[in-house]
Amino acid sequence: MSYAGPGFEPPQPRRSFLRRPLSVALAVLVLGGGGGWFVWGAVADDGGGDGAGRSLSSGGYEPLAPISPPALAVPSEAATSLAGKVVVIDPGHNPGNFKHTAEIARKVNIGTNSKECDTTGTATNSGYTEAEFTLDVARRLRTILEQQGATVKLTQDGDRSDYAFGPCVDERARIGNAAHADAVVSVHADGSAQGNRGFHVILPGAVHEGAADTRAIVAPSRLLGERVKHGFATETGSEPSNYIGGGTGLDTRADLGGLNLSTVPKVFIECGNMRDSTDAALLTSGSWRQEAALGISEGIVSFLRGS
């Protein structure tokens, strides 16, 4: 866009100081919370206008109308509402996983047992991968939350120079824990059969075994999941899954390392079924992915504000 910058004024005709009384400069000191600044006003008889600043018969000048101070730049509530909050977004899988199948197949400890480091994820019938989808939504989500003052970290941003795959599921959990995140959301899309449609949010089950102990996060994670479910449904217009969760849009699992090893409130969201043609049309739409990011963000914001 183009605009006239601050302080721009159109050219003014030159004034002859030989034919008019000298200008009188008035300095007004206005004190604000951040210090003082000066506003300068001028009084001159230009022989026209509304008469403000005219010379009087007594030889003085009429006083100027009060000069209003400019509006102070105060951060909006939206820009500061999440200040001090840390959110970790976990884009499921990684676009590089397809080239590192051996590496992602190695087993890692998830507390209750061992599972593969990661998987390739699913894809639409046209070849749009889950890893591409999750990274796109995560980046959009980060932008939205940062605009509201949150500190946002991604578990991977397509920038893992040392390892062009993963992170492994146990490392994903550790990233959220190390950040002392107030909320963690892992973004996914499902790969079920044609006709299976809708989204669902996965909640951690109560696990206390080996390195896993989710007992402290079960309740806050459920609250986070319920808020994310509501925000997602509201913004996207999507219905809860018709094949998982019994129509509630919620599913509790105790077999996911990313949840089992978390010590902070965390949920997964399966945004739709990439193998269903109707859902796939949504998942491959940039405008719909923006709605998805907005919906997830609304759930996170509601949870963090406690509203």
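Up top is the structure these notes are about.
Residues numbered from 1 in each chain as written. Predicted model: local features only at pLDDT ≥ 70, side-chain atom pairs only at ≥ 80, totals over all residues. Heavy atoms only, no water.

Student: Before we go on, may I ask you to explain the pairing of strand β3 (residues 86-91) in this structure?
Tutor: Every other side chain in a regular strand lies on the same face of the sheet, so the side chains alternate between the two faces. Burial analysis of β3 places six of its six residues in the buried class, which makes it a mostly covered element. Side chains Val-86, Val-88 and Asp-90 of β3 all project onto a buried face; the interleaved residues Val-87, Ile-89 and Pro-91 project onto the opposite face, where all are buried too. Here β3 pairs with strand β6 (residues 151-154) via four bridges, running parallel. Following the sheet pairing, Val-88 is matched in β6 by Lys-153. Pairing analysis gives five bridges linking β3 to strand β7 (residues 183-190), with the strands arranged parallel. Counterpart to Ile-89 in the pairing with β7 is Val-185. (Buried < 20%, exposed > 50% of the residue type's maximum accessible area, 1.4 Å probe, protein only. Helix = DSSP H or I, 4+ residues; strand = E, 2+ residues; numbered from the N terminus. Pairing = 2+ DSSP bridges.)

Student: Just to check I follow, could you spell out the state of the cysteines for this structure?
Tutor: By definition, a disulfide links the sulfur atoms of two cysteines through a covalent bond. A full pass over the atoms with the stated rule returns one disulfide. In this model Cys-117 forms its disulfide with Cys-168; the gap between the sulfur atoms is 2.0 Å. Judged by the torsion about the S-S bond (-90 degrees), the Cys-117/Cys-168 disulfide is left-handed. One end of the pair, Cys-117, is in the loop between β5 (114-116) and α3 (130-146); the other, Cys-168, is in the loop between β6 and α4 (169-178), with 51 residues separating them in the sequence. Of the two residues examined, Cys-117 and Cys-168, each falls in the buried class. (Disulfide = S-S within 2.5 Å.)

Student: Looking at this model, I keep getting lost on the pattern of salt bridges. Mind explaining?
Tutor: Side-chain pairs of opposite charge can arise where the charged atoms are in close proximity. As enumerated under the stated definition, the model contains 12 salt bridges in all. Notably, a salt bridge pairs Arg-172 with Asp-90, separated by 2.6 Å at the nearest N-O pair. Here the residue Arg-172 occupies a position in helix α4, and Asp-90 occupies one in strand β3, the gap between them amounting to 82 residues. With relative accessibility at 2%, the residue Asp-90 sits in the buried group. Here the salt bridges share partners, and the residues they tie into one network are Asp-90, Asp-118 and Arg-172. (Salt bridge = Lys/Arg side-chain N within 4 Å of Asp/Glu carboxyl O.)

Student: Sorry if this is basic, but what is going on with the nonpolar core here?
Tutor: The tendency in soluble globular proteins is for nonpolar side chains to be buried side by side. By size, the foremost hydrophobic cluster in this structure holds 37 residues, and its most contacted members are Ile-89, Phe-133, Leu-145, Ile-269, Ile-296 and Ile-300. Listing elements by their share of this core, those giving two or more residues are β3, α3, β6, β7, β8 (200-204), α5 (218-236), β12 (266-273) and α8 (286-305). At eight residues, the largest contribution of residues to this core is made by α8. (Core = buried A, V, L, I, M, F, W, Y, C linked by side-chain atoms within 4.5 Å.)

Keep in mind these numbers describe shape, not what the thing actually does.
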